[in-house]
Structure formats: C-alpha cells, structure tokens
Amino acid sequence: MDNNTREQIDLIIQKTKELSALYREAAYKSGVSDGEVAIWSVLLNGNKAYSQQDIAEILFLPKQTVNSLISRMARKGYLTLEHAPGTRNRKIIQLTEIGRHFGEQQIQWIFKSEKKAMEDTNPTEVTACVSMLEKYIVQFRKEIEQKNSYQEVTVKK
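What counts and how
- Residues numbered from 1 in each chain as written.
- Predicted model: local features only at pLDDT ≥ 70, side-chain atom pairs only at ≥ 80, totals over all residues.
- Heavy atoms only, no water.
- Phe/Tyr/Trp six-rings, centres within 6.5 Å; stacked < 30°, edge-to-face > 60°.
- Helix = DSSP H or I, 4+ residues; strand = E, 2+ residues; numbered from the N terminus.
- Buried < 20%, exposed > 50% of the residue type's maximum accessible area, 1.4 Å probe, protein only.
- Axes fitted to C-alpha atoms, helices over the stretch in contact; angles between N-to-C directions.
- Parallel < 35°, antiparallel > 145°, perpendicular 65-115°, else oblique.
- Left-handed = near helix turned anticlockwise from the far one by under 90°.
- Contact = heavy atoms within 4.5 Å.
- Nonpolar A, V, L, I, M, F, W, Y, C, P; charged D, E, K, R; others polar.
- Core = buried A, V, L, I, M, F, W, Y, C linked by side-chain atoms within 4.5 Å.

Across all of its chains, the model carries 4 aromatic pairs by this definition. A ring pair is formed by Trp-40 and Tyr-78, whose centres lie 5.6 Å apart and whose planes are at 55 degrees; its orientation type is tilted. Within this pair, whereas Trp-40 is found in helix α2 (residues 34-45), its partner Tyr-78 is found in the loop between α4 (63-75) and β2 (79-83), the two being separated by 38 residues in sequence. Each member of the pair, Trp-40 together with Tyr-78, is buried. Ring plane angle 45 degrees and centroid distance 5.7 Å describe the contact between Trp-40 and Phe-102, whose orientation is recorded as tilted. With Trp-40 in helix α2 and Phe-102 in helix α5 (residues 97-119), this pair connects stretches of sequence that are 62 residues apart. Judged by its relative accessible area of 0%, Trp-40 falls in the buried class. Connected via pairs of aromatic rings, a cluster forms that spans Trp-40, Tyr-78 and Phe-102.

Turning our attention to the packing of α2 against helix α3 (residues 52-59). Interhelical geometry of α2 versus α3 gives an angle of 110 degrees and a closest axis separation of 11 Å. Here α3 runs roughly perpendicular to α2, going by the angle between their axes. Here the hand of the crossing between α2 and α3 comes out right-handed. Mapping the contact onto sequence places Ala-38, Ile-39, Val-42 and Leu-43 in α2 and Ile-55, Ile-58 and Leu-59 in α3. Taken together, the residues of the contact of α2 with α3 sort by class into 7 nonpolar, no polar and no charged.

Another aspect to go through is the nonpolar core. Among the nonpolar cores identified, the biggest contains 24 residues, and Ile-39, Trp-40, Leu-43, Ile-55 and Ile-107 are the most heavily contacted of them. In terms of residue count, the dominant contributor to this core is α2 (6 residues).

We now examine the side chain of Gln-108. Among the structural elements, Gln-108 can be located in helix α5. If sequence neighbours within four positions are ignored, Gln-108 has contacts with Leu-44, Asn-45 and Gly-103.

This part covers the packing of α3 against α4. One can describe the packing of α3 onto α4 by two numbers: an axis separation of 9 Å at closest approach and a directional angle of 120 degrees. One way to sum up the angle between α3 and α4 is to call them oblique. You can see that α3 and α4 cross each other, and the crossing is right-handed. Facing α3, whose interface residues are Gln-52, Gln-53, Ile-55 and Ala-56, α4 presents Lys-63, Val-66, Asn-67 and Ile-70.

Written out as structure tokens, the structure reads:
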C-alpha cells in the first residue's frame with residue numbers, strides 16, 4: 001500500500017471519529033448518551049413503528065446495546081414496549097407523552113443542527129461523499145468476508 005492510500009484511509013477514519021465526537025458533545029449537552037441520541041433520531045424522525053431489532057439493524061448496533069439503551073430510556077419514562085400482535089417476542093417501541101416532550105425539547109435541536117449543516121453543504125459534494133463511502137464500504141466488506149476466521153499462529157523456534 002502506498003503512502004497516499006494509507007493517508008486517505010487514515011483521513012476517512014479521522015473524519016468519522018471527529019463526527020462521532022461531535023455527536024458525543026451534542027449528547028452531553030442534551031443530558032443523554034450518544035447511543036441514546038441515535039435511538040432518538042430513529043424514534044423522532046422515523047415514519048413508522050420500530051422494534052428493538054429494527055433499530056439495531058438501522059443503526060448497525062448489537063441487539064444487546066440497543067436493548068440496554070431502550071431499557072434505560074423506558075426506566076426514565078420516555079417510552080414503552082408493546083407486544084407486536086402475531087409475533088412471539090417482538091415488541092414495538094412507543095414514545096410516551098413525556099418522552100415525546102423530552103425529545104422535542106432536549107434532543108430535536110441536534111437533528112435541526114444536522115439539517116442546517118447539510119443545507120449549508122454543496123449537494124454535489126454530499127452526493128460524491130456518500131457515493132464514495134458506499135463503494136468503500138462494499139469493497140471493505142468484501143475484503144473482510146474473504147478473510148478466514150482467526151487462527152492462532154504458532155512461531156517456530
């Protein structure tokens with residue numbers, strides 16, 4: 001791998017981490033964790049009912065992480081879990097009135113800030129960035145899937 005390729009990879013990773021740090025800062029200012037901000041994003045901005053499984057898939061998070069975050073939010077009174085008819089154990093997440101009020105008052109500003117930042121960005125650059133990331137992810141996933149599982153290496157003495 002030449003130095004330019006490594007520098008490009010490092011820059012993408014660095015910018016991704018910088019964006020994550022901004023979400024952590026926004027979460028801190030809102031009094032929640034960055035994981036909760038991601039869930040609030042789905043619940044406040046989505047247009048359907050979601051289960052914990054749905055959210056895990058949308059956010060690319062482990063189910064246990066989502067379950068822990070949802071449980072914490074339920075303990076705070078922000079949401080309830082209701083059994084989905086016709087399923088064995090699927091539960092639909094419903095914001096409570098308290099949750100909707102909290103989300104609108106304490107969290108929604110983050111999503112408005114995202115929208116403003118995106119509106120202030122050149123649409124052609126956004127499209128190019130998303131396209132490049134999609135291609136990079138597909139290729140990186142392909143490389144990872146081709147790799148054999150970990151096998152212990154023995155060193156000959």
